[in-house]
Amino acid sequence: EISLPFIYGIGLIVGALEAIVGPARLALVPQLVPADLLQRANALVYGTFQLTQLIGPGVAGGLIAILATTGTAAALDASAAQVRATAFLFLATAVTDLLAALLLSTVAVGTQSIGKESTASPSLVRSVAESFRLAWHHTGVRTIILITLITSSAIGGALRIGVPMLADLRFR
């Protein structure tokens, strides 16, 4: 049985990750795309993100229903089959996210340090680490990051994890 503290914990983790990934995704586009294509690239990134947010839950629900009624999962009771199917989809998501992170770590981006320009193209991982160091030492930026982290964890995580689980419990 899934408990409310478990839902809160997963919601906090998801929200915290969203607070990091969202700004990073938006900051990366201008460094990868020429200025004359930036508007189209941003539209593509925003549009794709919104589309996945719209159709993703329906696709996931359909896959859970299919996976929960086929193969060895069908021999389990309905609740255990749904949990196993959901766990499989989380594992598949983790694997694809890891693959994306590995691929992104090979991308070289141009960087600009505060107060000076650099023509070097460090790896994405080094660029992100440097951005975090700079942001953490700037009081205003650090405050905004912490506020975003807290609100995204409390609101975004709860909406993405808690609402579907509560709906499942209510309408089952």
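Residues numbered from 1 in each chain as written. Predicted model: local features only at pLDDT ≥ 70, side-chain atom pairs only at ≥ 80, totals over all residues. Heavy atoms only, no water.

Draft legend 1. Looking closely at the overall build of the protein chain. Secondary structure assignment for the protein chain yields five helices and two strands. From first element to last, N terminus to C terminus, the protein chain shows the α and β order α-α-α-β-β-α-α. Counting over 172 residues, the protein chain shows a buried share of 16%. For the protein chain, the accessible surface area stands at approximately 12200 Å², while carbon and sulfur atoms represent 72% of it. (Helix = DSSP H or I, 4+ residues; strand = E, 2+ residues; numbered from the N terminus. Buried < 20%, exposed > 50% of the residue type's maximum accessible area, 1.4 Å probe, protein only. Areas by Shrake-Rupley, 256 points an atom, 1.4 Å probe, with all protein chains shown as cover.)

Draft legend 2. Fine view of helix 2 (residues 38-68). Over its 31 residues, helix 2 extends 43 Å from the first C-alpha to the last, a length consistent with the 45 Å expected when each residue adds 1.5 Å. Taking the largest bend as the criterion, helix 2 deviates by roughly 40°, centred on isoleucine 55, and proline proline 57 comes between one and four positions later. Within the sequence span of helix 2, burial applies to Ala41, Asn42, Ile64 and Ala68. (Expected span 1.5 Å × (residues − 1). Bend = angle between axes of the 7 residues up to and from the residue.)

Draft legend 3. Spotlight on a nonpolar patch on the surface. Side chains of Leu51, Leu54, Ile55, Val59, Leu63 and Ile66 sit close together on the surface and give an oily, nonpolar patch of about 570 Å² of accessible area. Within the secondary structure, leucine 54 is located in helix 2. (Patch = residues over 30% accessible without salt bridge, like charges linked within 9 Å, V, L, I, M, F, W, Y side chains within 5 Å. Salt bridge = Lys/Arg side-chain N within 4 Å of Asp/Glu carboxyl O.)

Draft legend 4. Region of the structure containing the environment of serine 152. Within the secondary structure layout, serine 152 lies in helix 5 (residues 139-171). A sequence separation of 135 residues divides serine 152 from leucine 17, and the C-alpha atoms of the two residues are 8.7 Å apart.

Draft legend 5. Examining the confidence of the model for the protein chain more closely. Predicted confidence across the protein chain gives a mean pLDDT of 75, with 76% of residues reaching 70 or more. Per-residue pLDDT stays below 50 along residues 112-117; that stretch engages in two contacts with residues further than four places along the chain or on separate chains. (pLDDT = per-residue confidence, 0-100. Contact = heavy atoms within 4.5 Å.)

Draft legend 6. Representation of the nonpolar core. Within the largest apolar cluster, five residues are counted, these being Ile64, Ala68, Ala81, Ala85 and Leu89. Apart from residues no more than four positions distant in its own chain, leucine 89 is found in contact with Ala60, Leu63, Ile64 and Leu67. (Core = buried A, V, L, I, M, F, W, Y, C linked by side-chain atoms within 4.5 Å.)

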